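If you want the building blocks of each chain, they are given just below.
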Amino acid sequence: MTTHQILLVAPLDWPREMLAACGYYDLAFRFVQEYPADGLSAWRAETTRHGETVDVAAHCQDYSGGYAQHALNRFFSQALLRCRPRVVVVVGLTGCTVDLLRVAELLGIPALL
C-alpha cells in the first residue's frame, strides 16, 4: 500500500503539469476502437510507479446504461484501496467516469469532478 494525496482520473491527453508538485497517483484512460473480444470493457495498458493507463472501449464514452459503463470501476477501486488518497479528482464526465464519484463516496473518500 502507498499513500498519495490525490488520485487523478483523467484522459491520457489531459495536461498534468499543474499537479506536478502534488503527490498524486495517475489513473489515465483512453478510448480505443479496437479491443479484445473477452467481454470486458477496459484493460490495463501500462503500469508505472506513479500510475497506470487503462484502455476503455469507445462505446463506454457515451451515456448509454448497462454494465459496460462501469468500465473504470474495477481499476478505480483497486487504485483507491492501494493508494489511500485524501481526495479523488475526476476530469471529464463520460459514461465510464460518471459512477466513480459514487464509488469514492462509498469508501469515504471525497471526490471532485
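Residues numbered from 1 in each chain as written. Predicted model: local features only at pLDDT ≥ 70, side-chain atom pairs only at ≥ 80, totals over all residues. Heavy atoms only, no water.

Participant: Go over the overall build of the chain with me, naming the residues and quoting the values.
Facilitator: Secondary structure assignment for the chain yields two helices and six strands. Listed N to C, the secondary structure of the chain is β-β-β-β-α-β-α-β in terms of helices and strands. A compact globule built from 113 residues should have a C-alpha radius of gyration of about 13 Å, and the chain, at 13 Å, falls within 12% of that. For the chain, the C-alpha atoms occupy an extent of roughly 35 × 25 × 25 Å along the three principal directions. Sorting the 113 residues of the chain into buried and exposed places 43% on the buried side. In the chain, once contacts between residues fewer than 6 apart in sequence are set aside, the share between residues at least 24 apart is 56%. Accessible surface for the chain amounts to roughly 6400 Å². Of this, 56% is attributable to carbon and sulfur atoms. A gap of 10 Å separates the mean positions of the 9 positive and 11 negative side-chain charges of the chain. (Helix = DSSP H or I, 4+ residues; strand = E, 2+ residues; numbered from the N terminus. Rg over C-alpha atoms; globule rule 2.2 N^0.38 Å. Buried < 20%, exposed > 50% of the residue type's maximum accessible area, 1.4 Å probe, protein only. Contact = heavy atoms within 4.5 Å. Areas by Shrake-Rupley, 256 points an atom, 1.4 Å probe, with all protein chains shown as cover. Lys, Arg positive; Asp, Glu negative; His and termini not counted. Charge placed at Lys NZ, Arg CZ, Asp CG, Glu CD.)

Participant: For the pattern of salt bridges, give the residues involved together with the corresponding values.
Facilitator: In this structure the tally under the stated criterion is five salt bridges. The residue Arg16 makes a salt bridge to Asp26 at a minimum N-O spacing of 2.7 Å. In this pair, Arg16 is assigned in the loop between strand E1 (6-11) and strand E2 (24-32) and Asp26 in strand E2, connecting sequence segments 10 residues apart. Residue class for Arg16 comes out buried when judged on its relative accessible area of 12%. The exposure class assigned to Asp26 is buried, which follows from its relative accessible area of 14%. Note that Arg82 is salt-bridged to Glu52, the shortest N-O span being 2.8 Å. With Arg82 in helix H1 (residues 73-83) and Glu52 in strand E4 (residues 51-57), the pair connects residues that are 30 residues apart, well separated along the chain. On the accessibility criterion, Arg82 (31% relative accessible area) is partly exposed. Given a relative accessible area of 3%, Glu52 falls into the buried group. (Salt bridge = Lys/Arg side-chain N within 4 Å of Asp/Glu carboxyl O.)

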